[in-house]
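Here is what each chain is made of, one letter per residue.
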Amino acid sequence: MRGDLVRAWVARLAMQVAGNGLTAYAFFHFADRWRGTGDPAGPVAQAMAVVTAVVVVATIVAGRWSDRLGGRKPFLGGATLLVITGLVGMAVSPGFVGAVIGYGVAQTGLSVFLALHSALAMQMLPSPETRGRDLAVLNLTNTLPACVPPLLAALVPAGAGLGAVFVALALVAALGGGTALAIRSER
């Protein structure tokens, strides 16, 4: 059980790193892909609003299906594939619309992963007497990842652009998803 909690912690940390990087660099990536007239801020804000609405609905639906089917890991695996696909899609898309679609796919996968990962982690907590401590340790996965995306971006070769950053984030997300699928217990 303890090993599973460590795996859960690493999985969430990696996925949060990917999510923080996506949030940190998405606007700059969209602005770079914008070919319309005027300031890209309005179209980017509209695209992000639409994506947010889709993400909310998709996360609730995935959570409900996960409850009905009684398993979290198949959904975590599917969500991981969405994150990876979306990030790689953003990296390779030469246009604004493709980048927005990639962003939407990645954000949907990220939201579903984090919601269902929370459900799985709560099911694995070993003891009512230590739940506060255990949740505090798991919560570090929400705060530490904000430090990683700038370091990750610094490792990308100069001139490679944000596409390379999104590919690196996809690899981090793959690590997180793979680690989540390695969790042995699923109550």
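Just above, that's the structure.
Everything in this summary refers to the structure shown in the same document.

**Things to note about the overall build of the protein chain**
Step number 1: Looking only at helices and strands, one finds seven helices and zero strands in the protein chain.
Step number 2: Its C-alpha atoms give the protein chain a radius of gyration of 17 Å, near enough to 16 Å, the size a compact globule of 187 residues would have.
Step number 3: The C-alpha extent of the protein chain, read off along each of the three principal axes, is 60 × 35 × 25 Å.
Step number 4: In the protein chain, 81% of the contacts between residues at least 6 apart in sequence involve partners at least 24 apart.
Step number 5: For the protein chain, the accessible surface area stands at approximately 9100 Å², while carbon and sulfur atoms represent 70% of it.
Step number 6: When the 13 basic and 7 acidic side-chain charges of the protein chain are each reduced to a single mean position, those positions are 5 Å apart.

**A closer look at the side chain of arginine 33**
Step number 1: Residue placement: arginine 33 occurs in helix α1 (residues 2–33).
Step number 2: A distance of 2.7 Å separates a polar atom in the side chain of arginine 33 from a polar atom in the side chain of aspartate 32.
Step number 3: Not counting the four nearest positions on each side in its chain, arginine 33 is found in contact with Met90, Ala91, Ser93, Pro94, Gly95, Phe96 and Ala99.

**Regarding the environment of arginine 33**
Step number 1: The exposure class of arginine 33 is buried, given its relative accessible area of 13%.
Step number 2: As for arginine 33 and valine 55, which are separated by 22 residues in sequence, their C-alpha atoms are 22 Å apart.

**Some thoughts on the packing of α1 against helix α6 (residues 148–155)**
Step number 1: Where α1 contacts α6, the axes come no closer than 8 Å and their chain directions differ by 75°. One way to sum up the angle between α1 and α6 is to call them roughly perpendicular. Packed against α1, whose contacting residues are Val17, Asn20, Gly21 and Tyr25, the element α6 presents Val148, Pro149, Pro150 and Ala153 at the interface.
Step number 2: The class makeup of the residues in the contact of α1 with α6 is six nonpolar, two polar and no charged.

**A look at the pattern of salt bridges**
Step number 1: Per the counting criterion, the structure on display carries three salt bridges.
Step number 2: Residues arginine 33 and aspartate 32 are paired through a salt bridge, measuring 2.7 Å at the closest nitrogen-oxygen approach.
Step number 3: Here aspartate 67 and arginine 72 are joined by a salt bridge, their closest N and O atoms 2.9 Å apart.
Step number 4: Residue class for aspartate 67 comes out partly exposed when judged on its relative accessible area of 47%.
Step number 5: Overall, the relative accessible area of 11% leaves arginine 72 in the buried class.

**A few points about the packing of aromatic side chains**
Step number 1: Overall, the coordinates contain four aromatic pairs when judged by the stated rule.
Step number 2: Here the aromatic rings of tryptophan 34 and phenylalanine 96 are separated by 5.0 Å at their centres, their planes lie at 80°, and the arrangement is edge-to-face. In this pair, tryptophan 34 is assigned in the loop between α1 and α2 (41–69) and phenylalanine 96 in helix α4 (residues 96–124), connecting sequence segments 62 residues apart.
Step number 3: Members of the aromatic cluster, joined through ring pairs, are Phe30, Trp34, Phe96 and Tyr103.

Reading guide: rules and limits
Residues numbered from 1 in each chain as written. Predicted model: local features only at pLDDT ≥ 70, side-chain atom pairs only at ≥ 80, totals over all residues. Heavy atoms only, no water. Helix = DSSP H or I, 4+ residues; strand = E, 2+ residues; numbered from the N terminus. Rg over C-alpha atoms; globule rule 2.2 N^0.38 Å. Contact = heavy atoms within 4.5 Å. Areas by Shrake-Rupley, 256 points an atom, 1.4 Å probe, with all protein chains shown as cover. Lys, Arg positive; Asp, Glu negative; His and termini not counted. Charge placed at Lys NZ, Arg CZ, Asp CG, Glu CD. Polar contact = N/O pair within 3.5 Å; in protein donor to acceptor, adjacent residues only side chain to side chain. Buried < 20%, exposed > 50% of the residue type's maximum accessible area, 1.4 Å probe, protein only. Axes fitted to C-alpha atoms, helices over the stretch in contact; angles between N-to-C directions. Parallel < 35°, antiparallel > 145°, perpendicular 65-115°, else oblique. Nonpolar A, V, L, I, M, F, W, Y, C, P; charged D, E, K, R; others polar. Salt bridge = Lys/Arg side-chain N within 4 Å of Asp/Glu carboxyl O. Phe/Tyr/Trp six-rings, centres within 6.5 Å; stacked < 30°, edge-to-face > 60°.

As far as function goes, none of this settles anything; it's purely spatial.
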